[in-house]
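Each chain, letter by letter, is given below.
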Amino acid sequence: MSRQRFIQFVGAVGALVATSMISPAGAQTVTPFQLVGHIQSFSLDTPGDTFSAAKLTVNGIQVTIPRNLVIQLPAAYFTAQQLFENAQGVSKKYNESGLSLNDKFPPLAAFEVTVDGNVVGDEYRAGLVSISQQSLNSSVGYIHEIDVGTGMICVGGSSTATTCGPGDTRVRLNDPALDASDPFSGDGRYGKRNPDPPDVCAPGLPGPTCADNPNSRFPDPRFTVDQGNPTVHALTGYPMCVPRATADPECPAFNRPSDNTFVMGADPLVPPIRFGNNTIPPCPACDSRKQAPLRVGDHITFAGTLARDTAGVYVSVHTLVADIGIYTKPGSKPAYVTLEESLLGTRGPTTTCAAAAECQDRLKIEGFSTDPSRRVSVYAVDVARNGAPKVRLLHSTEKVQAVFGRFRYVPPLTAAALFDINGNLKGAPRELMVGIDDPNPLPDGSEVPEAPKAAHGLVPGIYVAPVGEYIFPEPTGVQGREQPALNFQCLAFLINGWAIPPDLPDIKRLDPWPGSASPTFSCTE
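Residues numbered from 1 in each chain as written. Predicted model: local features only at pLDDT ≥ 70, side-chain atom pairs only at ≥ 80, totals over all residues. Heavy atoms only, no water.

Visitor: Looking at this structure, how should I read the packing of aromatic side chains?
Guide: Each aromatic ring pair is described using two quantities: the centre-to-centre distance and the angle formed by the ring planes. In this structure the tally under the stated criterion is 13 aromatic pairs. An angle of 85° between the planes, with centres 5.6 Å apart, marks the rings of tyrosine 77 and tryptophan 498 as edge-to-face. Highlighted residues: tyrosine 77 in strand 5 (residues 76–79) and tryptophan 498 in strand 29 (residues 498–500), separated in sequence by 421 residues. Here tyrosine 77 matches tryptophan 498 in class, with each residue buried. On the numbers, 5.8 Å between centres and 35° between planes, the contact of phenylalanine 407 with tyrosine 409 is tilted. Grouping aromatic residues by their ring pairs yields a cluster made of Tyr77, Tyr470, Phe472, Phe488, Phe493 and Trp498. Over the aromatic face of tyrosine 94 sits the side chain of lysine 104, whose NZ or CZ is 5.2 Å from the ring centroid. One residue, arginine 509, lies across the ring of tryptophan 513, its end atom 5.7 Å from the ring centre. (Phe/Tyr/Trp six-rings, centres within 6.5 Å; stacked < 30°, edge-to-face > 60°. Helix = DSSP H or I, 4+ residues; strand = E, 2+ residues; numbered from the N terminus. Buried < 20%, exposed > 50% of the residue type's maximum accessible area, 1.4 Å probe, protein only. Lys NZ or Arg CZ within 6 Å of the ring centre and 35° of its normal.)

Visitor: Teacher, can you tell me more about the nonpolar core here?
Guide: Proteins that are soluble and globular tend to have nonpolar side chains buried together. Ranked by internal contacts, the top residues of the largest apolar core, which has 71 residues, are Phe42, Ile131 and Leu491. With 5 residues, the single largest contributor to this core is strand 1 (residues 30–44). Not counting chain neighbours up to four residues away, the residues in contact with leucine 491 comprise Leu128, Thr346, Ala428, Tyr470 and Phe472. Grouped together as the second largest cluster of nonpolar side chains are 31 residues, Ile146, Ile153, Cys286 and Leu320 included. (Core = buried A, V, L, I, M, F, W, Y, C linked by side-chain atoms within 4.5 Å. Contact = heavy atoms within 4.5 Å.)

Visitor: Looking at this structure, how should I read the pattern of salt bridges?
Guide: Pairs may arise between side chains of opposite charge once their charged atoms sit close together. One pass over the structure, following the stated rule, counts 24 salt bridges. The partner of aspartate 45 in a salt bridge is lysine 55, and the shortest N-O contact between them spans 3.2 Å. Placement of the pair is aspartate 45 in the loop between strand 1 and strand 2 (54–58) and lysine 55 in strand 2, with a sequence separation of 10 residues. Look at lysine 55 and you get partly exposed, because its relative accessible area is 23%. Arginine 374 serves as the salt-bridge partner of aspartate 371, at 3.7 Å between the closest nitrogen and oxygen. Taken individually, aspartate 371 and arginine 374 each receive the classification buried, so the pair is uniform in this respect. Linked through salt bridges whose partners overlap, the residues forming this network are Lys333, Asp371, Arg374 and Asp438. (Salt bridge = Lys/Arg side-chain N within 4 Å of Asp/Glu carboxyl O.)

Visitor: Got a minute to help me understand the sheet that holds strand 25 (residues 431–436) in this structure?
Guide: Each strand in a sheet pairs with another by means of backbone hydrogen bonds, the pair being arranged parallel or else antiparallel. Taken in spatial order, the 4 strands line up as 23-22-25-26 in an open sheet, and their pairing is antiparallel. Each having just a single partner strand, strand 23 (390–393) and strand 26 (462–466) make up the two edges of the open sheet. Neighbour to neighbour, the strand axes of the sheet diverge by 30° on average, direction disregarded. When strand 22 (residues 376–382) meets strand 25, the two strands line up antiparallel, connected through 6 bridges. Across the sheet, the residue bridging to valine 378 is valine 434, located in strand 25. (Pairing = 2+ DSSP bridges. Axes fitted to C-alpha atoms, helices over the stretch in contact; angles between N-to-C directions.)

Visitor: For this particular structure, what's the right way to read the pairing of strand 6 (residues 112–120)?
Guide: Note on strand geometry: in a regular strand, side chains alternate between the two faces of the sheet. Of all 9 residues in strand 6, 9 are buried, a share of seventy percent or more. Burial along strand 6 is two-sided: the face carrying Glu112, Thr114, Asp116, Asn118 and Val120 and the face carrying Val113, Val115, Gly117 and Val119 are both buried. In this sheet, strand 6 lies alongside strand 1 in antiparallel orientation, the contact comprising 9 bridges. Bridge pairing in strand 6 links glutamine 34 to aspartate 116. With 9 bridges connecting them, strand 6 and strand 7 (residues 123–132) associate as antiparallel partners. Note on strand 7: the bridge partner recorded for aspartate 116 is leucine 128.

Read these as spatial facts, not as claims about activity.
As structure tokens, this is what we get:
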């Protein structure tokens, strides 16, 4: 996955306004809702079933998580059952998720859930669910110290400090050991791998009657960095790393010259005149096949979850962006790209749209590339049950940008993103991909590239992430009337099923369906 840029608050204010004007009792049996709040309780219907339905309580409201629903985390996907299965330490010991306020050992800070769904009869049924420790959670500061032995970073407000001081926060990448299939097996993608969690028993109290150790839950293996798409990167999308040693060949110091803005290669880079008369200095010693190290003095923005070790509370980071401008030589390989923001419309039933609703087939994409001389194409990622993710080129018109390296595509309201080039319905995908043309876009039906690799095992030139926001039918005209249901039947992965190879190769339709019974796959019915 995603793949994670910073999780964005998906239009909650507008959704609250829209869904608060509920129609009179009995006027409609399917009513849309969005809930955003803390997880109060969380339970599985069938704990032994990987695709088990679940019950979630948020803001005092019980929500049904249908069977087969896959929950989005900042950089991972899990079924409800997998969230329990992958809980750690004392949470696992007591068969709890570790995400709920009513757990025996509640989280250090409440976990926020965003649920989009429909009320069917009197039951709140979810269609889309995402969980994070606050979707807008982010912090900023200067790196004061990096412990290459542990990977712990000290961050604070001073731009000149070189040691950890009072008031600083401790930050560590949540970067698990890569598995045996990876060429860097046993290492972390962007730095030292996570340390092994402490024992469930508190130190000094072994045996069956030992005291529970709350710190055994950390670092949480569910809220990690994305090891397939660089969620640790420079502003331009170039992958960054935390040195594992004083001399780390995979995170080499020579990839960080004295300037914080530079181009890799022997020649300076002269941006077009609209970006100002600023020549970007070269770095002849730099190697674009390697990540660039973070260093003391860097200003960073980061997001993660609170964790605790014997030294106290720290931030276990899944996303980190350094205020560094790293560009790659025009036309050279490898180059890197990142996807920061995306929005996709789902149209809506023709009769509803014609009467009193605004329905859009709309697409918006924004991101960064280290090589602004090359075009970035946008793709839907379609994946069928028992299938592999395949790309489908989307029509996109680039907007002129004020920042060198940023791209933004905002096609007309009818973007044809829900159909292939022959007009066949494909529906709204779960994920989008941006890719640097080489020199042309990928053909429709190509599998998402898995090679060649650079930068400690990443595939350069592409970035895959979940759709940031779906635009469902919205009411128009006089307010206070019936609200159009969220048309989940347009989301191909929910109604037709999908796959997340290799762990979840066959994900079936949601059951019970969060809408009218037995819908057909359609974006216009």
